[in-house]
Amino acid sequence: MKVYRSIDDFQKLDSAVVTSGTFDGVHLGHRKILTNLVDKARKTNSESVVITFWPHPRTVLQPDQPTRLLTSLEEKIELIGESRPDHLIILPFSRDFSNQSSLEFIYKILIGQIGTKYLIIGYDHRFGKNREGSFEFLKENAAQFGFEVEEIPREDIHNVTISSTNIRKSLQQGDLNEVLTLLGRPYFLTGTVVHGEKIGRKLGFPTANIQPDETLKLIPCDGVYAIEAEWQDKKYPGMMNIGYRPTVGGLSHVIEAHLFDFNEKIYEDRLRIYFRYYIRPEKRFSSLEELKSQLQTDRLSALDLLKS
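A brief report on the enclosed structure follows. A quick note: this is a predicted structure, and the numbers were derived from the prediction, not measured.

1. Regarding the overall build of the chain
For the chain, the helix and strand inventory stands at 11 helices and 14 strands. Once the C-alpha set of the chain is aligned to its principal axes, its extents read approximately 75 × 40 × 40 Å. A separation threshold of at least 6 residues defines the contact pool for the chain, and within that pool the share at least 24 residues apart is 73%. Carbon and sulfur atoms make up 46% of the accessible area of the chain, which amounts to about 15,600 Å² in all.

Take a look at the structure:
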């Protein structure tokens, strides 16, 4: 997959099968669109093109209500690439861009700069100023535009619509089973190991404090989790606490992972954390000894869950 961070670097194609969207999370619904895109391109001897936007449009249009992201830009590129489209174009999103009409987007970008012959969009996807570019609008004017258009139906699982919004809600409620169902994979975050207060080391549970790569990355609700941590292409079982560490009077919100039977020095290294199971909410204990005892119980719980 070729990645373009400026559409000016893209060379117009004779026949392109195109889809566009934010694709935050690259969940099962997104992957259905991407699979259809690649299949259609193969059957029509065309090249497949994915258009996405960065920053996330809501962070630009609603800066006072920032949307927590399921994927950083680099994570999104990686996950889209798993479906093997030929091209990924990242369009810089700004207020000026949002004021572009749907016709401007179609004629300038889809037709003029890409060479679209077939457009695939997700359920209820709209584009252009005031979201005026609907599937109905595209269908009615397809002959004029010179390309065909197809809408992928809404994808539901257990009567729940697969959407980035529903995944965010499940993460904020600690419902990792629902997250796994809607994403089709464990939720993960990627970040750098930074120095902490080393309280866990004194308790016999040294932790790696994680600073996420993306400041707007959605962090699951506070509590203790069974995790897998990926370091240097290997995965290690462990557990993670997210929260304020009330037992030790913590004032800052931390994301700290304890990896089982792991003794490597990893400060300033990057880890990817896969959230596998939610174990319990964070709580205040009456003493460090009580906290240590609970951590031992959490370790056994995490090991049992990860083995299952």
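2. What about the nonpolar core?
In this structure, M240, I273 and F275 are the most contacted members of the largest nonpolar core, which totals 30 residues. Setting aside residues no more than four positions away along its own chain, F275 makes contact with L176, P186, Y187, F188, L189, P220, Y225, A226, I227, M240 and I242. Within the second largest apolar cluster, 28 residues are counted, among which are F10, L138, F145 and F147.

3. Thoughts on helix α3 (residues 73-81)
Considered for burial, the residues of α3 that qualify are L73, E75, K76, I77, L79 and I80. If you follow the buried residues of α3, they end up packed against β1 (2-4), α1 (28-43), β3 (47-54), β4 (87-92), β9 (187-194) and β14 (270-280).

4. Let's talk about the sheet that holds β9
Reading around the barrel, the 6 strands line up as β9-β10-β13-β12-β11-β14 and close back on themselves, with antiparallel pairing between neighbours. In this sheet, adjacent strand axes meet at a mean angle of 45° when their direction is disregarded. Here strand β10 (residues 208-212) runs beside strand β13 (residues 254-259); their pairing, made up of 2 bridges, is antiparallel. When the sheet's bridge partners are listed, A208 is paired in β13 with A257. α3 contacts β9 and β14 of the sheet and is inclined by roughly 135° relative to β9. Contacts from helix α11 (residues 288-307) reach β11 (223-231), β12 (234-243) and β14 within the one sheet, and its direction differs from that of β14 by about 100°.

5. Digging into the side chain of S83
Position of S83 among the secondary structure elements: in the loop between α3 and β4. A relative accessible area of 17% means that S83 is categorised as buried. Apart from the residues within four sequence positions on either side, S83 is in contact with L34 and V38.

6. Topic: the sheet that holds β3
The 6 strands are arranged β1-β4-β3-β2-β5-β6 in an open sheet whose pairing can be described as parallel. Each having just a single partner strand, β1 and β6 (148-152) make up the two edges of the open sheet. With direction set aside, neighbouring strand axes in the sheet form an average angle of 20°. As judged from the 4 bridges shared by strand β2 (residues 16-20) and strand β5 (residues 116-122), these two strands associate in the parallel manner. Counterpart to A16 in the pairing with β5 is T116.

7. Some details on unusual backbone geometry
The amide bond that connects W54 to the next residue, P55, takes the cis arrangement and shows omega of 0°. Residue placement: P55 occurs in the loop between β3 and α2 (57-61). Non-glycine residue N45 carries a positive phi angle of around 55°. Along the chain, N45 falls in the loop between α1 and β3.

What counts and what doesn't
Each chain carries its own residue numbering, running from 1 in the written order of its sequence. Two thresholds apply to this predicted model, a pLDDT of at least 70 for residue-level local features and 80 or more for giving and counting side-chain atom pairs, whereas whole-chain, interface and lining totals are computed over all residues. The side-chain quantities take in all heavy atoms of the structure and omit both hydrogens and water. A helix here means a DSSP run of H or I that spans at least four residues, while a strand means a run of E at least two residues long, and both kinds are numbered starting from the N terminus. In what follows, a contact means two residues having at least one pair of non-hydrogen atoms within 4.5 Å. Computed with a 1.4 Å probe, the accessible areas rest on the Shrake-Rupley method; for each residue, only the protein chains presented here act as cover. Among buried residues, those of type Ala, Val, Leu, Ile, Met, Phe, Trp, Tyr and Cys that are joined through side-chain atoms within 4.5 Å constitute a nonpolar core. Whether a residue is buried, partly exposed or exposed follows from its accessible area with a 1.4 Å probe, protein chains only, as a fraction of its type maximum: under 20%, in between, or over 50%, in that order. Pairing between strands is defined by DSSP: at least two bridges between them are needed. A fitted line through C-alpha atoms represents every axis, and for helices the fit uses only the stretch in contact; the resulting angles, taken between N-to-C directions, go from 0 to 180 degrees.

Keep in mind these values describe shape, not function.
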